[in-house]
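As a plain string of letters, each chain reads:
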Amino acid sequence: MVKAITVFCGSSAGDLPAYRSMCRRLASALHARGISLIYGGGKVGLMGVLADEMLHLGGTVIGVIPRKLVDIEVAHEALPEMHVVSTMHERKALMTRLADAFLILPGGIGTMDELFEVLTWRQLGYHDKAVGLLNVEGYYDRLIGFLDDVVQHGFLSDYRSRLLFVSSDLEELLDLMLKSGEK
């Protein structure tokens, strides 16, 4: 059963209002389903929008942030639960332990690092938690094409059937992820 989802997303807001809007919609959907949010602990960018909306709705928000980012004042001070760790690796490891599933929204290279790490760990059997990629406004079209090419060239088996749920529809993606978490 999925009780907590780790969301990886940008520490910047991006160039489309749709990214911020999706964060607010995601917070509402998680809160309505009684699912806690685990995220990178920041108050900036999409991370901040998502956390602020969850807090506004009265949802449970757990932040995990490296000390270095706390020291440069990007930590969200309003979180009731914040884990401060030493390194980015420790951050990802703790977020993985705390999560029942993972959802990836638009973001930069940090988000890509997080996505590929949880996918690799799933592929190698270090966890069997659902991983969902929310393709907001076609943001991940080229990444999905790349992954399809990786399959075509024989470096990966069909990832969509066993590693990664992909959708541009938030509710559909959450339903797929939650259904897989019931096993």
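Preceding block: the structure.
Owing to the predicted nature of the structure, the values given are computational and were not obtained by experimental measurement. (Residues numbered from 1 in each chain as written. Predicted model: local features only at pLDDT ≥ 70, side-chain atom pairs only at ≥ 80, totals over all residues. Heavy atoms only, no water.)

Trainee: Please explain the pairing of strand E5 (residues 101-104) as it appears in this structure.
Mentor: One face of the sheet, then the other: side chains in a regular strand alternate in exactly this way. Going residue by residue along E5, you find Ala 101 and Leu 103 tucked away on one face and Phe 102 and Ile 104 tucked away on the opposite face as well. In this sheet, strand E6 (residues 130-134) lies alongside E5 in parallel orientation, the contact comprising four bridges. Within E6, the residue paired with Ala 101 across the bridge is Ala 130. At this point the chain moves from E5, through helix H5 (residues 109-123), to the parallel E6, and the crossover so formed is right-handed. (Buried < 20%, exposed > 50% of the residue type's maximum accessible area, 1.4 Å probe, protein only. Helix = DSSP H or I, 4+ residues; strand = E, 2+ residues; numbered from the N terminus. Pairing = 2+ DSSP bridges. Right-handed = clockwise from strand over helix to strand, strands pointing away.)

Trainee: Sorry if this is basic, but what is going on with the packing of aromatic side chains here?
Mentor: How two aromatic rings sit relative to each other is given by the distance of their centres and the angle of their planes. In total, this model carries three aromatic pairs according to the counting rule given. Connected via pairs of aromatic rings, a cluster forms that spans Tyr 19, Tyr 139 and Tyr 140. (Phe/Tyr/Trp six-rings, centres within 6.5 Å; stacked < 30°, edge-to-face > 60°.)

Trainee: Quick question: what am I supposed to make of the packing of helix H1 (residues 17-32) against helix H8 (residues 170-180) here?
Mentor: Angle between the axes and distance between the axes: these two values describe a pair of packed helices. Direction vectors running N to C along H1 and H8 enclose 45°, while the axes themselves pass 11 Å from each other. Considering the angle they form, H1 stands oblique to H8. As for how H1 packs across H8, the hand of that crossing is right-handed. Taken together, the residues of H8 that come into contact with H1 (itself represented by Met 22, Arg 25, Leu 26, Ala 29 and Leu 30) are Leu 170, Glu 171 and Leu 174. (Axes fitted to C-alpha atoms, helices over the stretch in contact; angles between N-to-C directions. Parallel < 35°, antiparallel > 145°, perpendicular 65-115°, else oblique. Left-handed = near helix turned anticlockwise from the far one by under 90°. Contact = heavy atoms within 4.5 Å.)

Trainee: Mind showing me how you'd approach the nonpolar core here?
Mentor: Nonpolar side chains in soluble globular proteins tend to end up buried together. Grouped together as the largest cluster of nonpolar side chains are 33 residues, with contacts concentrated most on Ile 5, Val 7, Leu 26 and Leu 103. Looking at this core, the elements that each hand over two or more residues are strand E1 (4-8), H1, strand E2 (36-39), helix H2 (45-57), E5, E6 and H8. Among the elements that make up this core, the one with the highest residue count is H1 (seven residues). Once residues within four sequence positions are removed from consideration, Leu 26 is found in contact with Val 7, Leu 50, Leu 103, Leu 105, Leu 170 and Leu 174. Among the nonpolar cores identified, the runner-up in size contains 25 residues, and Phe 8, Leu 119, Val 150 and Tyr 159 belong to it. (Core = buried A, V, L, I, M, F, W, Y, C linked by side-chain atoms within 4.5 Å.)

Trainee: Where do I start with the side chain of Arg 91 in this structure?
Mentor: Along the chain, Arg 91 turns up in helix H4 (residues 88-98). There is a polar contact of 2.4 Å between the side chain of Arg 91 and the backbone oxygen of Gly 40. In terms of polar contacts, Arg 91 uses its side chain to reach the backbone carbonyl oxygen of Val 64, at 2.9 Å. The contact partners of Arg 91, leaving out residues within four places of it in the chain, are Gly 40, Gly 41, Met 47, Val 64, Ile 65, Pro 66, Leu 69, Val 85 and Glu 114. (Polar contact = N/O pair within 3.5 Å; in protein donor to acceptor, adjacent residues only side chain to side chain.)

Trainee: Sorry, what's going on with the sheet that holds E2 here?
Mentor: Neighbouring strands of a sheet are bound in pairs by backbone hydrogen bonds; such pairs are parallel or else antiparallel. Taken together, seven strands build an open sheet; the order of strands is E4-E3-E2-E1-E5-E6-E7 and the sheet is parallel. Lying at the two open borders of the sheet, with one neighbouring strand each, are strand E4 (81-85) and strand E7 (165-167). Strand-to-strand twist across the sheet, computed as the mean angle between neighbouring axes with direction ignored, equals 20°. Taken together, the five bridges between strand E3 (residues 61-66) and E4 define a ladder with parallel strand orientation. Each bridged residue has a counterpart across the sheet, and for Val 64 the counterpart in E4 is His 83.

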